[in-house]
Amino acid sequence: MRLHLGIDDTDSRSGGCTTHAAAVLVEKLSLLGCKFIDYPNIIRLNPNIPFKTRGNAAVAIRIDIRDDMYQEIENVAIDTVEKFSRIGEEGTDPALVLLRGDPGAEIRHIARASLYELLSAESVLRVIKRSSATAVLYGAKLGIVGATAAVGQTLKRDHTFELIAYRTERNRGTPRRLEKESVMLMHRIVPETFSSYDEENRRVLIAPHGPDPVLVGIRGETPRAVLHAFRMIKIHEPVERWMIFRTNHGTDAHFQLERQTVRAHSPTVFTGTIARVPIRTRGGHVFCSIAGRAGELNCAAFEPTGSFRKVIAELIPGDKVTVFGGVHAESNGTINLEKIVIHNLAKSLLVRNPSCRKCTKRLKSAGRGKGFKCSRCPDVVRKQPKLRLVRTRKVEPGLYLPDLRAHRHLTKPFGRYHNERVWDGKPPLEKWHSP
Ligand SMILES: [Zn+2]
């Protein structure tokens, strides 16, 4: 029997991590003799949903089992979710979904919609009740959305891999001890990894900073690449366990639809022309407005996007662009820019008076319709139109992304464009998790 398990929202503000609970469960299922048909999948959902923390992720585990193993597996899964969840803490509403057989059209639809929309727990629960799935829910039951979406999102098309190593319990909450130089070296030597090191800001990006159990998360194009990279990093604290996941990280999965409408909590892709000269605020944010078919749209490049703001600030009315971003609950309909494609630049004209041919000083107007005169040379009067100079633009057409540190989990980094892949459906490598 084919069995898909979805887990979501075991996280809470005080630490805990859905992928960690999943890693423990995978080890237990492995000991029970389950056959894994895929790496566990980490599925990031619509990043604009207000009640989700930034790091939140849902996980799916896909296995083949003997029919008589089902009950034992359900028991083990429930035990693990309960043990690793902060049940009872505010904002922690874990869920476990067990689907017998492969996901049908309705569950696959939930998986797609969860990237763009705000789905209600009730509507997802109705679908689960009509299917061959069992849902185990806690708290406000909100985890059902992510758990079901993870089951339905089988990542047949573009995907990446992430090797996550976890810290032992006694070290959690302390600074992570790894050698920055080894990360820089890995970043240079293993080209099939991405978002490991921010050269511009000299920052290590593989280690989070919070109290969660993740020690490092190494992203890459293949399982071999992330494993190779992991072995290169010098870590000076014990690694509790590690596991390779297959994910929609770095795939722009939330921007697969052209949407010319702007809705709260949804990703937006909007094409139009710059309507006004962009504004730079004291906080270092840059705002611009774009006129398109669906009206005018306000966009913001916030301070953490770094040098991306310079690109936005250089835009002028008439530039043709496509913007990608999301509308948050708090932002009054302003799009938080995640990327921009500049299609065409408008001509930037500088209108000037001509210069004096004798002394090269710029001429002054001699009065309406009378041409120009020189303030130094009394004999010079010229009748000619004003000069229209084309100013060289400081931006070029093309794709622009924020600084690496401002990338979302789903943001597709430069190196992945034209490197998108299709899943070959092969079972995991021989060695893809500890011990
Ligand atoms: Zn002159």
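Look a little higher up for the structure.
Residues numbered from 1 in each chain as written. Predicted model: local features only at pLDDT ≥ 70, side-chain atom pairs only at ≥ 80, totals over all residues. Heavy atoms only, no water.

All right, on to the coordination of the zinc ion then. On the protein side, the zinc ion has Cys356 (SG), Cys359 (SG), Cys374 (SG) and Cys377 (SG) as donor atoms, found 2.2 to 2.4 Å from it. Every donor counted, the four donor atoms about the zinc ion form angles of 102 to 115 degrees at the centre, which fits tetrahedral coordination. One chain supplies every donor to the zinc ion, and in sequence these donors are spaced C-x2-C-x14-C-x2-C. (Donors = N, O, S within 2.8 Å, 3.2 Å for Na, K, Ca; no water. Tetrahedral: all angles 85-135°; square planar, octahedral: opposite > 155°, others 65-115°.)

Among the seven residues in strand 1 (residues 2–8), six count as buried, and that is most of the element. Note: strand 1 against strand 5 (residues 95–100), six bridges, orientation antiparallel. Counted as the bridge partner of Leu3 is Arg100 from strand 5. (Buried < 20%, exposed > 50% of the residue type's maximum accessible area, 1.4 Å probe, protein only. Helix = DSSP H or I, 4+ residues; strand = E, 2+ residues; numbered from the N terminus. Pairing = 2+ DSSP bridges.)

This paragraph deals with helix 3 (residues 105–113). For helix 3, every residue scored as buried is listed here: Ile107, Ile110, Ala111 and Ala113. Buried positions along helix 3 lie against strand 5, helix 4 (121–130) and helix 5 (143–152). (Contact = heavy atoms within 4.5 Å.)

Attention now moves to the pairing of strand 7 (residues 160–167). Within strand 7, eight of the eight residues are buried, which leaves the element mostly enclosed by the surrounding structure. Bridge analysis of strand 7 against strand 11 (residues 214–220) gives six bridges, and the strand direction is antiparallel. Bridging from a neighbouring strand, Ala165 pairs with Val216 of strand 11.

The next thing to look at is the packing of helix 3 against helix 5. Across the interface, helix 3 lies against helix 5 with an axial gap of 7 Å and an inter-helix angle of 110 degrees. Between helix 3 and helix 5, the interaxial angle falls into the category roughly perpendicular. For the pair helix 3 and helix 5, the sense of crossing is left-handed. Of the residues in helix 5, those touching helix 3 at Ile107, Arg108, Ile110 and Ala111 are Thr148, Ala149, Val151 and Gly152. When its residues are assigned to classes, the contact of helix 3 with helix 5 shows five nonpolar, two polar and one charged. (Axes fitted to C-alpha atoms, helices over the stretch in contact; angles between N-to-C directions. Parallel < 35°, antiparallel > 145°, perpendicular 65-115°, else oblique. Left-handed = near helix turned anticlockwise from the far one by under 90°. Nonpolar A, V, L, I, M, F, W, Y, C, P; charged D, E, K, R; others polar.)

This part is about the side chain of Asn248. Along the polypeptide, Asn248 turns up in the loop between strand 12 (239–247) and strand 13 (267–274). Of the polar contacts made by the side chain of Asn248, one reaches the backbone nitrogen of Arg44; its length is 2.9 Å. Those residues within four positions of Asn248 in sequence are excluded, and the remaining contacts are Ile42, Ile43, Arg44, Leu115, Leu155, Ala253 and Leu410. (Polar contact = N/O pair within 3.5 Å; in protein donor to acceptor, adjacent residues only side chain to side chain.)

This part is about the packing of helix 1 (residues 18–31) against helix 2 (residues 70–84). One can describe the packing of helix 1 onto helix 2 by two numbers: an axis separation of 10 Å at closest approach and a directional angle of 150 degrees. Comparing their axes, helix 2 and helix 1 come out roughly antiparallel. Here helix 1 and helix 2 pass one another in a crossing that is right-handed. Of the residues in helix 2, those touching helix 1 at His20, Ala21, Val24, Leu25, Lys28 and Leu29 are Ile73, Val76, Ala77, Thr80 and Phe84. Classifying every residue of the contact of helix 1 with helix 2 gives eight nonpolar, two polar and one charged.

Note that the residue after Ser434, namely Pro435, is joined by a cis bond; omega there is 0 degrees. Its place among the elements puts Pro435 in the segment after strand 24 (398–400). Even without a glycine there, the phi angle at Asp252 is positive, about 55 degrees. Structurally, the position occupied by Asp252 is in the loop between strand 12 and strand 13.

Here we take up helix 5. Across the 10 residues of helix 5, 10 count as buried, placing the element largely inside the fold. Buried residues of helix 5: Gly143, Ile144, Val145, Gly146, Ala147, Thr148, Ala149, Ala150, Val151 and Gly152, and no others.

Attention shifts here to the environment of Thr80. Structurally, the position occupied by Thr80 is in helix 2. Through-space distance from the C-alpha of Thr80 to that of Lys28 is 9.1 Å; in sequence the pair is 52 residues apart. Ignoring any residue separated from it by four or fewer positions in sequence, one finds Thr80 in contact with Ala21, Val24, Leu25 and Lys28. A distance of 3.2 Å separates the side chain of Thr80 from the side chain of Lys28, its partner in a polar contact.

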